[in-house]
Amino acid sequence: MGEASGDQQARAELLAKLLVASGERPYLLKHGEGKTTYQLIMVPMKDEELPEWTKTLGSTPLVIPFGPLKLMPLPLEKNLKAGSLEKRLYDPAAGGWSATIAVMRFK
């Protein structure tokens, strides 16, 4: 798959399908609208899981609260690892998301 926007969506959906097949219940986040939509797979994170993820990743992952739900992003870009996001999408210091988002359970 290439770097075109349709490929980005296909890669995100493939990751989600693999997670579903392994027994996880991932969420799909859509950032932006129309041709600029970016799709991101996120997984639920419990407070007691954070130390293990920190040890595995070598740094504390970004965990984003959505009401009572806490989600960790799984970006697919080469320069990012699980639990991180580009500031062009999400910057908590600047007020959060840079565009409209929608979060739903991936099916």
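Whatever comes next refers back to the structure up there.
If you're wondering where the values come from, they're calculated on a predicted model, not measured in any experiment.

*Asks:* How should I be thinking about the overall build of the chain in this particular structure?
*Replies:* Of regular secondary structure, the chain possesses two helices and seven strands. When the elements of the chain are put in sequence order from the N terminus, they spell out α-β-β-α-β-β-β-β-β. Against the 2.2 N^0.38 benchmark of 13 Å for 107 residues, the chain shows a C-alpha radius of gyration of 13 Å, consistent with a compact globule. Along the first, second and third principal axes, the C-alpha set of the chain runs to 40 × 35 × 25 Å. Looking at the chain residue by residue over its 107 residues, the buried ones come to 33%. Contacts in the chain between residues far apart in sequence, at least 24 positions, make up 53% of those at least 6 positions apart. A total of about 6,700 Å² of accessible surface is found on the chain, and carbon and sulfur atoms cover 56% of it. For the chain, the distance from the average site of its 14 positive side-chain charges to the average site of its 12 negative ones is 3 Å.

*Asks:* Would you take a moment to explain the pairing of strand S2 (residues 38–44) for this structure?
*Replies:* When a strand is regular, its side chains alternate between the sheet's two faces. The element S2 is extensively covered by neighbouring structure, given that six of its seven residues are classed as buried. For strand S1 (residues 27–31) and S2, the ladder comprises five bridges, and the chain directions are antiparallel. Bridging from a neighbouring strand, Leu29 pairs with Leu40 of S2. Pairing of S2 with strand S4 (residues 69–74) involves four bridges; the strand directions are antiparallel.

*Asks:* Help me out: how do you make sense of the nonpolar core in this one?
*Replies:* Nonpolar side chains in soluble globular proteins tend to be buried together. Ranked by size, the top nonpolar core spans 11 residues in total: Ala12, Leu15, Ala16, Leu19, Leu28, Ile41, Val43, Met45, Met72, Leu74 and Phe106. Broken down by secondary-structure element, the contributors of at least two residues to this core are helix H1 (5–21), S2 and S4. The leading source of residues in this core is H1, at four residues. Those residues within four positions of Ile41 in sequence are excluded, and the remaining contacts are Ala12, Leu15, Ala16, Leu19, Pro26, Tyr27, Leu28, Met72, Pro73 and Leu74. By size, the runner-up hydrophobic cluster in this structure holds 10 residues, among which are Tyr27, Leu40, Leu85 and Tyr90.

*Asks:* Before we go on, may I ask you to explain the pattern of salt bridges in this structure?
*Replies:* Pairing between side chains becomes possible if they bear opposite charge and their charged atoms approach one another. Overall, the coordinates contain three salt bridges when judged by the stated rule. Between Lys70 and Asp47 there is a salt bridge, with the nearest N and O atoms lying 2.7 Å from each other. Here Asp47 lies in the loop between S2 and helix H2 (50–57) and Lys70 lies in strand S4, a separation of 23 residues in the sequence. Lys87 is the partner of Asp91 in a salt bridge, and the nearest nitrogen-oxygen pair spans 3.7 Å.

*Asks:* What exactly am I supposed to notice about the side chain of Gln8 here?
*Replies:* Residue position: Gln8 is located in helix H1. Reaching out from Gln8, the side chain makes a polar contact with the backbone oxygen of Gln39 at a distance of 2.5 Å.

What counts, and at which threshold
Residues numbered from 1 in each chain as written. Predicted model: local features only at pLDDT ≥ 70, side-chain atom pairs only at ≥ 80, totals over all residues. Heavy atoms only, no water. Helix = DSSP H or I, 4+ residues; strand = E, 2+ residues; numbered from the N terminus. Rg over C-alpha atoms; globule rule 2.2 N^0.38 Å. Buried < 20%, exposed > 50% of the residue type's maximum accessible area, 1.4 Å probe, protein only. Contact = heavy atoms within 4.5 Å. Areas by Shrake-Rupley, 256 points an atom, 1.4 Å probe, with all protein chains shown as cover. Lys, Arg positive; Asp, Glu negative; His and termini not counted. Charge placed at Lys NZ, Arg CZ, Asp CG, Glu CD. Pairing = 2+ DSSP bridges. Core = buried A, V, L, I, M, F, W, Y, C linked by side-chain atoms within 4.5 Å. Salt bridge = Lys/Arg side-chain N within 4 Å of Asp/Glu carboxyl O. Polar contact = N/O pair within 3.5 Å; in protein donor to acceptor, adjacent residues only side chain to side chain.

The values are spatial; any link to function lies outside them.
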